[in-house]
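Reading the structure
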Amino acid sequence: MINYQKILKMHFEGISQRTISSSTGHSRNTVSQTIQKAEQLGIVQLDSTMTSSWLQSFLFPEKQAIEKGYHPIDWEAVHKELQKKNITLSLLHLEYSVQAREAGKVPYAYRTFCENYGKYAKKYQLTMPIRRKPGEIMEVDWAGTTLEITERSTGEIIPAYVFVATLPYSQYSYVEAFLDMKSPNWLQAHIHTFEYFGGVPETLVPDNLKTGVTKALGSESVLNEAYRELADYYRTVIVPSRVRKPKDKPSVEGAVGYISRQIIAALRNHQCFYIDDLNTRIHEMLEEINKAPFQKRPGSRKQVFEEEEKSHLRQLPQTRYKLSEWKTAKVQLNYHIQIDRMYYSVPYDYVRENVDVRLTTDLIEVYFKDSRIASHKRLKGEIGQHCTNKDHMPDHHRLYLDHNPEANKNWAETVGPSMTRFVSFILEANPEKKALNILATLRNTAKKYTNQDMEKATETLLHISSNPTISVLKSILERNKGKGNKKSSLSSKKDDNDYGFVRGATYFGRSKQ
């Protein structure tokens, strides 16, 4: 019984509702309702006559039996209504309360309503409709027992792991064998299941295995990123079962046992050399199981699925999901990350940061705090290859990378033919490293002059010297610059008239008018 007296006593002493809830063991909702009701009815203090029983009858008279009795409930109708989509006990209780008051009778309180329904629903324990609405849930798991594949050349026995998915409402199942239980096969199994069912359920209920859940934290479990991405693509949600709570996914647990008896046990002596051959045999037996009639209810798994559940599944996307894998990497000092012994660049600003890497068959994407910072075509073949984007490099690294013979030849062509011949001469007459140092000096010099000045000076250099050098070129540039300055000063002294000296009017004594 709820201790209404203690709740109100602590409230009048100024204690918070959270503390009252912890002290009394009642929910915060119950505490809040009691306090609100007392304030509405004008109770501001307690006396010795206000026991918990008296307070219950005063504050919540609808909870007490009255002479006329409670409004009767048709539990069979409630049970059938709960099988419909989006119908809850809360909604049904609200409708019942309205009917009771219209009939002039007292309705059961919501808590009592739920308790009484729970007692009634015990006979439907195997097909509890609250958790088995059509198209709502798909439970998935790996079977504990494995099958075997024989390596044809060596005779080695290779284990095959069996994936099982079940729709609780119809008990319609999908089964497939894989060579391992790693993430790619786990995701592939889900894709094949969706395609087999021809649609996607609202919720996926997996076990807490590493391929699905990175860290099990009760209701706040951390999902594997690739698994979460698959769920987003198919517009479904993942609700992992609690650790060591098999009743959170009873259908698949039951299906695993049934599949183990009907398929795995039956194939224990069946020799297969390829995984595809094994799956062909599994699918033949699976069709027989899904079409077999129920023992305690009409129809079969397939019939119930086709007639009642398939229409509630969400439509499949137009294209199949492209498998991906997520990894974590640290950006090295050379602004590259290492993935499968291959190296990919990221912007140098992220050096020494941990980044998330999404890998597909032909693409690598790098994310930092959910923002994509780089993408590369996936490298294949010889290990140790580098994929570097120049935009990811610091400026001085980029300049050094661009300083090569080919880049210098391209620059010379933008200046002119004489500069092209001069650069070619330097590259041919010197070892590459020395030639690049000379060309660096040349390009620094070119920053002080126009392309026309450089081309003219280079043309003069090649005409007067059979062994042209940068020092001689600088001298020619300085001399040409001096000549240009002298001509400009002479031209500035000239009068606008270029036909000799002319005496002005003042020379002849004429004054300005």
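Residues numbered from 1 in each chain as written. Predicted model: local features only at pLDDT ≥ 70, side-chain atom pairs only at ≥ 80, totals over all residues. Heavy atoms only, no water.

Right, let's get into the environment of Thr460. Turning to its location among the elements, Thr460 is positioned in helix 17 (residues 451-464). With 42 residues separating them in the primary sequence, Thr460 and Ser418 have C-alpha atoms 9.0 Å apart. At 3.1 Å, the side chain of Thr460 and the backbone oxygen of Lys456 are in polar contact. (Helix = DSSP H or I, 4+ residues; strand = E, 2+ residues; numbered from the N terminus. Polar contact = N/O pair within 3.5 Å; in protein donor to acceptor, adjacent residues only side chain to side chain.)

The next thing to look at is the packing of aromatic side chains. By the definition in use, this model includes 18 aromatic pairs. With a centroid separation of 5.9 Å and 45 degrees between ring planes, the pair formed by Phe197 and Phe305 is classed as tilted. Remark: Phe305 occurs in helix 12 (residues 301-309) and Phe197 occurs in helix 8 (residues 183-197); sequence separation between them is 108 residues. Using a relative accessible area of 1% as the deciding quantity, one classes Phe197 as buried. Taken together, a centroid distance of 5.4 Å and an interplanar angle of 55 degrees make the contact between Tyr233 and Tyr321 tilted. Pair noted here: Tyr233 is in helix 9 (residues 225-233) and Tyr321 is in the loop between helix 12 and strand 9 (325-330), with a separation of 88 residues, a long-range link. Among the residues examined, Tyr233 registers a relative accessible area of 31% and is labelled partly exposed. Here Tyr321 falls in the buried class, since its relative accessible area comes to 6%. (Phe/Tyr/Trp six-rings, centres within 6.5 Å; stacked < 30°, edge-to-face > 60°. Buried < 20%, exposed > 50% of the residue type's maximum accessible area, 1.4 Å probe, protein only.)

A word on the sheet that holds strand 9. The strand order across the open sheet formed by 4 strands is 9-12-13-14, and the pairing between neighbours is antiparallel. Every other strand in the sheet has two partners, leaving strand 9 and strand 14 (371-377) as the edge strands with one partner each. Strand-to-strand twist in this sheet, taken as the mean axis angle between neighbours without regard to direction, amounts to 25 degrees. (Pairing = 2+ DSSP bridges. Axes fitted to C-alpha atoms, helices over the stretch in contact; angles between N-to-C directions.)

So, about the pairing of strand 11 (residues 342-345). Side-chain direction in a regular strand flips from residue to residue, so the side chains alternate between the two faces of the sheet. In the sheet, strand 10 (residues 336-339) pairs with strand 11 via 4 bridges, with the strands oriented antiparallel. Looking across to strand 11, one finds that Ile337 is bridged to Tyr344. Linking two consecutive strands that pair antiparallel, namely strand 10 and strand 11, is a turn of 2 residues; a positive phi of about 55 degrees is found at Asp340 within it. Summarising the sheet, strand 11 and strand 15 (residues 386-387) pair through 2 bridges and their orientation is parallel. Counted as the bridge partner of Tyr344 is Cys387 from strand 15.

With 13 residues, helix 3 (residues 28-40) should reach 18 Å at 1.5 Å per residue; the first-to-last C-alpha distance of 18 Å fits that figure. Where helix 3 is concerned, the buried positions are Thr30, Val31, Ser32, Thr34, Ile35 and Ala38. Phi turns positive one or two residues past the end of helix 3, at Gly42, with a value near 80 degrees. (Expected span 1.5 Å × (residues − 1).)

Here we come to the nonpolar core. Membership of the largest hydrophobic core comes to 45 residues, with the highest contact counts inside it found for Met138, Leu147, Phe163, Phe197, Leu278 and Ile282. Going through the elements one at a time, strand 1 (137-142), strand 2 (147-150), strand 3 (157-167), strand 4 (172-178), helix 8, helix 9, helix 10 (250-264) and helix 11 (275-291) are the ones with two or more residues in this core. In this structure Met138 touches Ala165, Thr166, Leu167, Pro168, His190, Thr193, Phe194, Phe197, Pro201, Thr203, Leu204 and Val205, once residues within four positions along its chain are discounted. Formed by 20 residues, the second largest nonpolar core is a distinct cluster that contains Trp411, Leu442, Tyr449 and Ala457. (Core = buried A, V, L, I, M, F, W, Y, C linked by side-chain atoms within 4.5 Å. Contact = heavy atoms within 4.5 Å.)

Glancing now at the confidence of the model for the protein. Confidence in the prediction for the protein averages 80 pLDDT; 82% of positions are at 70 or higher. Considering each helix and strand of the protein separately, the mean pLDDT is smallest for strand 6 (residues 213-215), with a value of 60, and largest for strand 11, with 92. When the criterion is pLDDT under 50, residues 125-131 qualifies, and its contacts beyond four places in sequence or with other chains add up to 17 contacts. (pLDDT = per-residue confidence, 0-100.)

This part covers a nonpolar patch on the surface. Side chains of Leu91, Leu94 and Val98 sit close together on the surface and give an oily, nonpolar patch of about 240 Å² of accessible area. With respect to the helices and strands, Val98 occurs in helix 6 (residues 89-102). When its relative accessible area of 41% is taken as the criterion, Val98 is described as partly exposed. (Patch = residues over 30% accessible without salt bridge, like charges linked within 9 Å, V, L, I, M, F, W, Y side chains within 5 Å. Areas by Shrake-Rupley, 256 points an atom, 1.4 Å probe, with all protein chains shown as cover. Salt bridge = Lys/Arg side-chain N within 4 Å of Asp/Glu carboxyl O.)

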